[in-house]
Amino acid sequence: AQKITQTQPGMFVQEKEAVTLDCTYDTSDPSYGLFWYKQPSSGEMIFLIYQGSYDQQNATEGRYSLNFQKARKSANLVISASQLGDSAMYFCAMREGRGAQKLVFGQGTRLTINP
Amino acid sequence: GAGVSQSPSNKVTEKGKDVELRCDPISGHTALYWYRQSLGQGLEFLIYFQGNSAPDKSGLPSDRFSAERTGGSVSTLTIQRTQQEDSAVYLCASSLLTGLRNEKLFFGSGTQLSVL
């Protein structure tokens, strides 16, 4: 079974609009962390934002925020005021359990910002 | 070093040949990870090192794949008798190993492997 599901293979939005990238996850462990990474065409993976399973508030980092709905097991990334430089692949990932180290990644969403 | 360094950046090989991919993690990072990314796909976990030992090698797809890490630093991923399906970008990442759930991974730029 997929641990991380990203149902949007591609998204197209106009510059300056807000965009939501979907991510649902599957775990029975109460202790887990959720990450979003950005991968531009150059290939490097850039960390964007983190949400812990016990965090009471949704995470925010500048223009990035995470819409964390624990009961629904979703952790959607919201990018406000999108810019042309936001065009990239976006990956949701999870680390589950105490002492676990590896991140399990979803298939990604390719975001294209149109001028 | 300033970041995770991988070499070579590109490798073209013939089917059946062995290849070695190198990863030099960020100085002081105890944890090291190898992932594989096929064209347009997500990242597939291969193996994780804690120091020089590999407590999780569950993602290695076959016994043709092996990895080692020496001196708690540089790691080498070896693929023997390469097959065309091995063609992918191989990404290395490292982290401090704080034990905290929010510990993020720092990635290298990857090695693009093409098996002809």
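Here the structure is a predicted model, which is why all the values come from computation and not from measurement. (Residues numbered from 1 in each chain as written. Chains lettered and ligands numbered in written order. Predicted model: local features only at pLDDT ≥ 70, side-chain atom pairs only at ≥ 80, totals over all residues. Heavy atoms only, no water.)

Undergrad: Any chance you could explain the interface of chain B and chain A here in plain terms?
TA: Where the parts come together, the accessible area they lose is often given as the size of the interface. Taken together, the contacts link 22 residues of chain B with 19 residues of chain A. Across the chain B/chain A interface, buried area totals approximately 1800 Å², and carbon plus sulfur atoms make up 52% of it. When the area that chain B buries against chain A is broken down by residue, the three leading residues are L43(B), R101(B) and F107(B), summing to 35%. Taken together, chain B and chain A are joined by 1 salt bridge. (Contact = heavy atoms within 4.5 Å. Buried area = accessible area lost by both parts, 1.4 Å probe. Salt bridge = Lys/Arg side-chain N within 4 Å of Asp/Glu carboxyl O.)

Undergrad: Is there a simple way to think about the nonpolar core in this case?
TA: Side chains of a nonpolar character, in soluble globular proteins, are inclined to be buried together. Residue and element names in this part refer to chain A. Within the largest apolar cluster, 25 residues are counted, with the highest numbers of intra-cluster contacts made by Y25, W36, I49, L77, Y90 and L111. Residue assignment for this core shows that the elements contributing at least two residues are β2 (10–14), β3 (19–21), β5 (32–39), β6 (46–52), β8 (64–69), β9 (74–79), β10 (88–96) and β12 (109–114). For this core, the element with the highest residue contribution is β10, accounting for 4 residues. The residues contacting Y25, other than those within four sequence positions of it, are K3, I4, Y32, L34, F68, K70, K73, S74, A75 and M94. (Core = buried A, V, L, I, M, F, W, Y, C linked by side-chain atoms within 4.5 Å. Buried < 20%, exposed > 50% of the residue type's maximum accessible area, 1.4 Å probe, protein only. Helix = DSSP H or I, 4+ residues; strand = E, 2+ residues; numbered from the N terminus.)

Undergrad: How do you make sense of the packing of aromatic side chains when you look at a structure like this?
TA: The relation between two aromatic rings is expressed through the spacing of the ring centres and the mutual angle of the planes. Considering all chains together, one arrives at 12 aromatic pairs over all chains under this definition. Ring geometry for Y35(B) against F45(B): centres 5.8 Å apart, planes inclined by 75 degrees, an arrangement best described as edge-to-face. Here F45(B) lies in strand β5 (residues 43–50) and Y35(B) lies in strand β4 (residues 31–37), a separation of 10 residues in the sequence. Since its relative accessible area comes to 10%, F45(B) is described here as buried. Judged by centre distance (5.9 Å) and plane angle (50 degrees), the rings of Y35(B) and F107(B) are tilted. With a gap of 72 residues between them, Y35(B) in strand β4 and F107(B) in strand β10 (residues 106–107) connect regions that are remote in the sequence. Here a set of aromatic residues connected by ring pairs shows up, and it is made of F35(A), Y37(A), F47(A), Y50(A), F91(A), F105(A), Y35(B), F45(B) and F107(B). Stacked on the ring of Y64(A), the Lys or Arg R63(A) has its end atom at 5.8 Å from the ring centre. (Phe/Tyr/Trp six-rings, centres within 6.5 Å; stacked < 30°, edge-to-face > 60°. Lys NZ or Arg CZ within 6 Å of the ring centre and 35° of its normal.)

Undergrad: It is not clear to me how the pattern of salt bridges should be interpreted in this structure. Could you clarify?
TA: Pairing between side chains becomes possible if they bear opposite charge and their charged atoms approach one another. Residues and elements named next belong to chain A. Counted by the stated rule, this structure contains 5 salt bridges over all chains. Linking K3 and E96 is a salt bridge whose minimum nitrogen-to-oxygen distance equals 3.1 Å. Taken together, the positions of K3 in the segment before β1 (4–5) and E96 in strand β10 put the pair 93 residues apart, joining distant regions of the chain. Classification of E96 by relative accessible area gives partly exposed; the value is 23%.

Undergrad: I would appreciate a short explanation of the pairing of strand β11 (residues 111–115) of chain B in the present structure.
TA: Regular strands show a simple pattern: their side chains alternate between the two faces of the sheet. Residues and elements named next belong to chain B. Burial of β11 is one-sided: the residues T111, L113 and V115 facing one way are buried, the residues Q112 and S114 facing the other way are not. Direction of pairing for strand β2 (residues 10–13) relative to β11: parallel, over a ladder of 4 bridges. Among the inter-strand pairings, N10 is bridged to a residue of β11, identified as Q112. In the sheet, strand β9 (residues 88–95) pairs with β11 via 3 bridges, with the strands oriented antiparallel. The partner of V89 across the bridge, within β11, is Q112. (Pairing = 2+ DSSP bridges.)

Undergrad: Please clarify how the state of the cysteines should be interpreted in this entry.
TA: Covalent bonding between the sulfur atoms of two cysteines is what defines a disulfide. Within this structure, the stated rule accounts for 2 disulfides over all chains. Here C23(A) connects covalently by a disulfide to C92(A), the sulfurs 2.0 Å from one another. Given an S-S torsion of about -60 degrees, the disulfide between C23(A) and C92(A) has left-handed geometry. Highlighted residues: C23(A) in the loop between β3 and β4 (24–25) and C92(A) in strand β10, separated in sequence by 69 residues. One disulfide in the model links C23(B) with C92(B); its S-S distance is 1.8 Å. In this structure the cystine formed by C23(B) and C92(B) twists about its S-S bond by roughly -65 degrees; its chirality is therefore left-handed. Residue C23(B) is found in strand β3 (residues 19–24), and its partner C92(B) is found in strand β9; the two are separated by 69 residues along the sequence. By relative accessible area, C23(B) is classed as buried at 0%. (Disulfide = S-S within 2.5 Å.)

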